[in-house]
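Below are the chains, spelled out letter by letter.
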Amino acid sequence: MGDPSRRVSVSHPRTRAARPGRRDAAVRDVHEQTPLGEVYMKALMRTQLRLGLLVCAAVCLPLAALPLLLGRVPVPHWARLWGAGLPWLVLGPPVYALLVAAGICYVRRAERNERDFDEHVRRS
Amino acid sequence: MNAPANLTAVLLVVAVTVGVGGYGLRSRSTPDFYVASRTVSPLRNAAAVSGEYVSAASYLGIAGLLATYGSTMLWYGIGYTAGYLVLLVLVAAPLRRSGAYTVSDFAEARLGSMAVRRTATVFVVLIGLLYQVPQLVGAGLALHTALGAPAWSGTVLVAVVVLVSVITGGMRSVTLVQSVQYWLKLTALAVPALALLLVWRGVWHPAGSPSPLPVAHAAGGHDGGQGLYGVYSLMVALFLGTMGLPHVTARFYTNPDGRAARRTTVGVLGLLGVFYVLPEVYGGLGRLYAPGPAAADRAADTEVLLLPGRLVPGSTGQLLTALVVAGAFAAFLSTCSGLALSVAAVLSQDLFGGDVRGFRRAAAPAVLVPCAISLLLSGSGMSVAHEVGLIFSVAASTFCPLLVLGIWWRRLTAAGAVAGMLVGGGLSAAALTLTLLGVGGTGWAGALLAEPAAWSVPAAFLTMVGGSLLTPGRVPSAASVMLARLHLPEALAAGPADRSAADGDRSSAVPARSSRDGHH
């Protein structure tokens, strides 16, 4: 929203009340699913879906590689912490930290996408 | 085993559950009963979701499998957690914005078809009932291990407590109970784990504690192609199955809006990540202090309950054991009551009229049927975690395609959705039944049946997409409007004219379901 408080419109209050605000036209488009509104919606859905799939891929591909790697790579003796083997170390806290970090990144980006969409629709 | 201390622990947990549930006796109106009137904050809801989710499989099962089969089984904990990441990025906010209470409601609102609703309802009830069975079996096992009581008594005890708390309290009391029980379970597992770690590192020397075996014997259990297939199939089932569990989806409707639903899910990821490190401690130490190879999976499920007493003999060990037993009962009670609640909600809407009285009548079959099944099944030697994994495959093969395609794909039709759910659900349920009956053996056939998700989930997706493309004329006319509702941010959702309604409950827009939201 382009900060409407800074605009000063000089008009009679009654004439403004009678006329539907131009500012909300695009919002109405989105709501009534006019062809224009549908274009807006498709754009939002595509952005959000791309983000979701990206986060999924960024987490699932490394995780999917782990069973292959952990089975094949010989573990050097120094890579043991207190006698625990490499799988026990990798498949523990590091993976959970990755999951939480991915979740936080996703929420930030998804909310920013929605804010951008909101601003875009209201401004146009 | 010190029976009096353990018995006190069990009774204390039961008393807390019933007591906190009784606090919810004041929740009288219909919306209160179903969705706690949507006033639950993200953090408390996250604790409630985690409390409900951490079941016997997580609490007892994972550690037992780790002790028996080694580090491959760490994928169970990771999969249970990663399922929430997939849920977060693909369905959390749209699912909440759909305003429906169960997957059946979602399916009906999105596709406008009673056939889809009925198919979804059948699978919600099936999954909800089956998922309670391992919990109740685990309860019998735990009571037998801790007190020497016959196995049926634990099953019956949990079933009765769940029935009472669901009938009297409804969702609000259950929300409170669940969030309390998450912290209870975490404490009950973390404190003994800390003590065990101290004993292992030699910081603390209780009299008579055994010395660990040399590390060298800890070789991997599953190897080769079948083992690898099992891991990947398990990943598919757990990553995609979480979103289809009835008690998980129902819990999302208690968020005030889509934004809160996302934040709740991130909280759940954190809480579960903290929790799932603990079974690793028990499993790893269980391997080092093994009394001998465990006879069967079912026997391995008692690892968590027996380990503290083995490492710390004497009265301190008995106290630690009592704590672990209390946590285990919290796990049985919370998961069962969450499941019973969502099954009862679906049954009451579709069969008993959808009001508070119908809900209470529906609660009886929702608890008693799984109780009967678990009493029949208590002889089978399968691990609790493996049984739960199989039920995740059923959820992943039915509701995951329905939710993902329903939220992101405009051209989904009712015919395609029904066909996909029937194919995926039929295949995975058949595999589950055959595995429970012991068909398949140890070869590839057995491996494919024991972990069906890798083939049943793609089959369900393909059928759903194919069926929808074959019936292009039956794309619901309201699909665009519905998708707009699922994806529009809250600030815009109210529209230009009726912005004042933004704070109200949008779920009343679901046709023919408005009775649920009638305010009293």
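Residues numbered from 1 in each chain as written. Chains lettered and ligands numbered in written order. Predicted model: local features only at pLDDT ≥ 70, side-chain atom pairs only at ≥ 80, totals over all residues.

As annotated in an unreviewed UniProt entry, chain B is Cation acetate symporter from Streptomyces griseofuscus. Regarding chain B, the relevant UniProt record gives this comment under Sequence similarities (unreviewed entry): "Belongs to the sodium:solute symporter (SSF) (TC 2.A.21) family." (UniProt positions renumbered as here; feature names shortened; annotations may be inferred.)

Under an unreviewed UniProt entry, chain A has the name Integral membrane protein and belongs to Streptomyces graminearus.

Asker: I tried to follow the overall build of chain A on my own but got confused; where do I start?
Answerer: Tallying secondary structure elements over chain A gives five helices and zero strands in all. Here chain A holds 124 residues, and 23% of them are scored as buried. Across chain A, every contact between residues at least 6 apart in sequence was considered, and the portion connecting residues at least 24 apart equals 67%. (Helix = DSSP H or I, 4+ residues; strand = E, 2+ residues; numbered from the N terminus. Buried ≥ 20, exposed ≤ 12 C-beta atoms within 10 Å, placed from the backbone. Contact = placed C-beta atoms within 7 Å.)

Asker: Explain the overall build of chain B to me, please; I cannot follow it from the model alone.
Answerer: Secondary structure summary: chain B contains 23 helices and zero strands in total. Summarising the internal contacts of chain B: among those between residues at least 6 apart in sequence, 84% fall at separations of at least 24.

Asker: Which parts of the structure should I look at to understand helix H21 (residues 453-470) of chain B?
Answerer: What sets the pattern is the α-helix's 3.6 residues per turn: residues three or four places apart point alike. Residues and elements named next belong to chain B. Its 18 residues place the ends of H21 25 Å apart at the C-alpha level, agreeing with the 26 Å of an ideal helix rising 1.5 Å per residue. For H21, the set of buried residues is Ala453, Ser456, Val457, Ala460, Thr463, Met464, Gly467 and Ser468. One face of H21 carries all of its buried residues, which in axial projection span an arc of 130 degrees. Of the exposed residues in H21, the ones pointing more than 90 degrees away from its buried face are Leu469 and Leu470. (Expected span 1.5 Å × (residues − 1). Arc of directions from axis to C-beta.)

Asker: Whenever I open this one, the nonpolar core confuses me. Can you help?
Answerer: What tends to happen in soluble globular proteins is that the nonpolar side chains get buried as a cluster. All names here are of chain B. Formed by 195 residues in total, the largest nonpolar core has its most connected members in Val325, Ala340 and Ala344. A per-element tally of this core places helix H16 (residues 315-351) first, with 21 residues. Apart from residues lying up to four places away in sequence, Ala344 is in contact with Val166, Phe359, Ala362, Ala363 and Ala366. (Core = buried A, V, L, I, M, F, W, Y, C linked by C-beta atoms within 7 Å.)

Asker: Any chance you could explain the interface of chain B and chain A here in plain terms?
Answerer: Accessible area lost upon the coming together of the parts serves often as the stated size of an interface. Contacts between the two partners involve 40 residues from chain B and, on the opposite side, 43 residues from chain A. The set of elements that each furnish at least two residues to the side of chain B that touches chain A consists of helix H5 (74-90), helix H10 (224-241), helix H12 (258-275), helix H13 (277-288), helix H22 (479-487) and helix H23 (490-493) of chain B. Ranked by residues supplied to the side of chain B that touches chain A, first place goes to H5(B) with nine residues. For the side of chain B that touches chain A, a count of residues per class yields 27 nonpolar, nine polar and four charged. (Nonpolar A, V, L, I, M, F, W, Y, C, P; charged D, E, K, R; others polar.)

Asker: What is the right way to read the UniProt feature "transmembrane region" (unreviewed entry) in chain A from this model?
Answerer: Here, the residues flagged by UniProt with the feature "transmembrane region" (unreviewed entry) are residues 51-70 and 82-107 of chain A. For residues 51-70 of chain A, helix accounts for 100% and strand for 0%, while the C-alpha atoms at its two ends are 29 Å apart.

Asker: Explanation requested: the environment of B:Leu198 in the structure shown.
Answerer: Structurally, B:Leu198 can be placed in helix H9 (residues 151-200). Beyond its immediate chain neighbours, meaning those up to four positions away, B:Leu198 contacts B:Val203 and B:Trp204.

Asker: I keep staring at the confidence of the model for chain B and nothing clicks. Help me out?
Answerer: A low pLDDT score tells you not to read the predicted coordinates there in detail. Residue and element names in this part refer to chain B. Residues of chain B with pLDDT of at least 70 account for 84%, and the chain-wide mean is 82. Considering each helix and strand of chain B separately, the mean pLDDT is smallest for helix H2 (residues 30-35), with a value of 56, and largest for H21, with 95. A low-confidence stretch, residues 216-222 (pLDDT under 50), is modelled with 13 contacts involving residues beyond four sequence positions or located in other chains. (pLDDT = per-residue confidence, 0-100.)

Asker: Sorry, what's going on with the packing of helix H4 (residues 56-69) of chain B against H5(B) here?
Answerer: The angle between the axes and the distance between the axes are what describe a pair of packed helices. Residues and elements named next belong to chain B. It is at 8 Å that the axes of H4 and H5 come closest, and there the two elements cross at 145 degrees. Note on element contacts: H5 touches H4 through Leu74, Tyr76, Gly77 and Tyr80, opposite Ser58, Ile62, Leu65 and Leu66. Looking at the contact of H4 with H5, its residues break down into six nonpolar, two polar and no charged. (Axes fitted to C-alpha atoms, helices over the stretch in contact; angles between N-to-C directions.)

Asker: How should the environment of B:Ala431 be read in this particular structure?
Answerer: All names here are of chain B. Residue placement: Ala431 occurs in helix H19 (residues 414-437). Considered as a pair, Ala431 and Ala453 are 22 residues apart in the sequence and their alpha carbons are 9.6 Å apart. In contact with Ala431, not counting residues within four places along its chain, are Leu449, Pro452 and Ser456.

Asker: Even after reading the chapter, I still don't get the environment of B:Ala92, so can you show me in this structure?
Answerer: Take B:Ala92: it is sitting in helix H6 (residues 92-97). Residues in contact with B:Ala92, not counting those within four places in the same chain, are B:Leu87, B:Phe252, B:Ala261, B:Arg262 and B:Thr265.

Asker: Explain the confidence of the model for chain A to me, please; I cannot follow it from the model alone.
Answerer: Residue and element names in this part refer to chain A. Summing up the model confidence of chain A, the mean pLDDT is 79 and the portion of residues at 70 or higher is 71%. Of all the helices and strands in chain A, helix H1 (residues 13-18) carries the lowest mean pLDDT, 48, while helix H5 (residues 93-123) carries the highest, 92. The model gives residues 15-19 a pLDDT under 50, and that stretch makes one contact with residues more than four places away or in other chains.

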